[in-house]
Amino acid sequence: MSNPKRPEITLHEILNTTYATRWVGTATELHTFDTAQALVDNMEGLEDLSTLGWGKLRGILIVKGNGPGTINRKRSVWRVLCQTAVEMGAIPSVPRTRPERTQEKPARFLSAVEESRVLSILHPRERELCVILLYTGMRKSELWGLTWEDIDWETGLIQVHQTKSGKRRFLPITSRVRAILEELQEAGKATPAGGMNINTFDDHFRNACKTARVLGVSVHTLRHTYASRLAQNGVSLLLIQKLLGHSSASTTLVYAHLVEKSFEDAVLRTFDNPEE
């Protein structure tokens, strides 16, 4: 008798395996899973884990109003599903697809007045988390992934592990951030994020910005603000790249115009005010 044919691996098996082996335990596991689930819901079968399949999904995303940046992020999630499918033997290789072209524009950052207005509306716990993000430049997922063991009080450094590039980096602890972290630890919080739900924090920040009439921003704008203020104070793009954990220098170039302006100001201060 011949051996029974193994049932074809399903998209939902691939989704669940990807979640269990790659996303569970990460700060954004539920958000990433929801994104992947929505993609799978628009797929008919394994044939959609292909170049043509991505073309079809891309068309659906465009019709639904997704912009180039959003499509690229969803393409990254789709590619992870493809990687799992390869490992499970469902498809031979990860299909080749091209990312969307995005128009590079200066990063949106908060002015001091906008920062004050937004922070004044937030509840104290949310305000503290915003200040940590604003004064360290961490990604939201990086802050939620921190433990107290990652804080070195003696050297004054935060060790960030759960980075986008997979490489750890070290961030200086400013006096304001130190005061907040010390208060949280003394209050018995299990982690620096204090157990606050990351999606709830997102919602409250968005509502605070709306109330303050600060438009075109998200939590990620706090990271842009950190980098922009460094650039305005003459910090080099190379150092900003290291502090932000960018794997490519081209990503940091959105702050180049600010660095150039700080250099210009330095030259004018030096040579337009000669000694009498």
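Above this text you will find the structure in question.
For every chain, the first residue of the written sequence is number 1, and numbering continues from 1 onward in sequence order. Restriction of local features to residues with pLDDT of at least 70 applies here, the model being predicted, together with a cutoff of 80 or more for giving and counting side-chain atom pairs; totals for whole chains, interfaces and linings are based on all residues. In computing side-chain values, all of the structure's heavy atoms are included and hydrogens and water are not.

Our focus in this paragraph is empty space enclosed by the protein. Lining residues are those with an atom within 4 Å of a point, where the points come from a 1 Å grid over the protein atoms alone and group into cavities, where a 1.4 Å probe fits but cannot get out, or pockets, open sets with protein on both sides within 12 Å along at least five of seven lines. Grid points are joined across faces, edges and corners, and a volume is the space filled by probe spheres set on the points. A complete count under the given rule lists one cavity of 30 Å³ or more for this structure. Residue lining of the largest cavity: Leu-110, Glu-115, Val-118, Leu-119, Cys-130, Leu-134, Phe-205 and Leu-222, and that is the complete set. For the lining of the largest cavity, the secondary-structure elements that each account for two or more residues are helix 5 (112-121) and helix 6 (124-136). Only DSSP runs of H or I covering at least 4 residues are called helices, and only runs of E covering at least 2 are called strands; the numbering of each starts at the N terminus. Broken down by element, the residue count for the lining of the largest cavity peaks at three residues, all from helix 5. Under the convention adopted here, Pro, Cys and the residues Ala, Val, Leu, Ile, Met, Phe, Trp and Tyr are nonpolar, Asp, Glu, Lys and Arg are charged, and Gly plus all remaining residues are polar. Residues belonging to the lining of the largest cavity are distributed by class as follows: seven nonpolar, no polar and one charged.

Attention now goes to the sheet that holds strand 2 (residues 157-160). An order of 1-2-3 is seen for the three strands of this open sheet, with the pairing classed as antiparallel. A single partner strand is all that each edge strand has here, and the edge strands are strand 1 (151-152) and strand 3 (169-172). The rule for pairing is simple: two strands pair if DSSP sees at least two bridges between them. Both strand 1 and strand 2 contribute to a ladder of two bridges, which runs antiparallel. Its bridge partner being in strand 2, Ile-151 is matched across the sheet by Ile-158.

On to unusual backbone geometry, then. Apart from glycine, the bulk of residues carry a negative phi angle, and the bulk of peptide bonds sit in the trans form. Unlike most non-glycine residues, Arg-213 shows phi in positive territory, near 60°. Summary of the burial criterion: residues with accessible area below 20% of their type's maximum are buried, those above 50% are exposed, and those between are partly exposed, where the area comes from a 1.4 Å probe applied to protein chains only. Of the residues examined, Arg-213 reaches a relative accessible area of 71% and is grouped as exposed.

Attention now moves to the packing of helix 1 (residues 11-23) against helix 2 (residues 29-41). Think of each axis as a best-fit line through the C-alpha atoms, taken over the contacting stretch in the case of a helix, with angles from 0 to 180 degrees between the N-to-C directions. For the pair helix 1 and helix 2, interaxial distance at closest approach is 11 Å and the crossing angle is 165°. The pairing of helix 1 with helix 2 is recorded here as roughly antiparallel in orientation. Read as a crossing pair, helix 1 and helix 2 show a hand that is right-handed. Along its contact with helix 1, which presents Leu-11, His-12, Leu-15, Asn-16, Tyr-19 and Trp-23, the element helix 2 presents Glu-29, Thr-32, Phe-33, Ala-36, Gln-37, Val-40 and Asp-41. Residue composition of the contact of helix 1 with helix 2, by class: seven nonpolar, four polar and two charged. Angular relationships are summarised with four words: roughly parallel below 35 degrees, roughly antiparallel beyond 145, roughly perpendicular across 65 to 115, and oblique for the angles in between. In this scheme the crossing of two helices becomes right-handed for a clockwise turn of the near helix relative to the far one and left-handed for an anticlockwise turn of less than a right angle. In this analysis, two residues are considered to be in contact whenever any of their non-hydrogen atoms come within 4.5 Å of each other.

Bringing the packing of helix 5 against helix 6 into the picture now. Relative to each other, helix 5 and helix 6 sit at 150°, their axes nearing to 9 Å. In terms of their interaxial angle, helix 5 and helix 6 are classed as roughly antiparallel. The two elements helix 5 and helix 6 cross, and the hand of that crossing is right-handed. Judged by residue contacts, Glu-115, Leu-119 and Ser-120 of helix 5 engage Arg-127, Cys-130, Val-131, Leu-134 and Tyr-135 from helix 6. Taken together, the residues of the contact of helix 5 with helix 6 sort by class into five nonpolar, one polar and two charged.

A general feature of soluble globular proteins is that nonpolar side chains tend to end up buried together. Nonpolar cores were defined as sets of buried Ala, Val, Leu, Ile, Met, Phe, Trp, Tyr and Cys residues, with membership established by side-chain atoms within 4.5 Å. In terms of nonpolar packing, the biggest core is built from 49 residues, with Met-138, Ile-158 and Ile-240 touching the most fellow members. In terms of residue count, helix 6 provides more of this core than any other element does, six residues in total. Filtering out sequence-adjacent residues up to four positions away, Met-138 remains in contact with Ile-132, Leu-133, Leu-143, Leu-146, Ile-158, Val-160, Arg-169, Leu-171 and Arg-223. Counting residues in each nonpolar core, the second largest holds 23 residues, with Leu-39, Leu-61, Val-77 and Val-80 among its members.

Below, the discussion takes up helix 11 (residues 237-244). Considered for burial, the residues of helix 11 that qualify are Ile-240, Gln-241, Leu-243 and Leu-244. For helix 11, the buried positions fall inside an angular range of 165° around the axis, keeping them on one side. In helix 11, the exposed positions angled more than 90 degrees off the buried face are occupied by Leu-238 and Lys-242. Read the arc as the range of directions from the helix axis to the C-beta atoms.

Each pair of aromatic rings taken from Phe, Tyr and Trp, with Trp reduced to its six-membered ring, is defined by centres within 6.5 Å and is described as stacked if the planes are under 30 degrees apart, edge-to-face if over 60, and tilted in the remaining cases. Counting across every chain of the model gives three aromatic pairs. Residues Trp-54 and Trp-78 carry aromatic rings whose centres are separated by 5.3 Å and whose planes lie at 40° to one another, so their mutual orientation is tilted. Linking Trp-54 in helix 3 (residues 51-63) with Trp-78 in helix 4 (residues 68-87), this pair joins segments that are 24 residues apart in sequence. Assigned by exposure class, Trp-54 and Trp-78 land together as buried.

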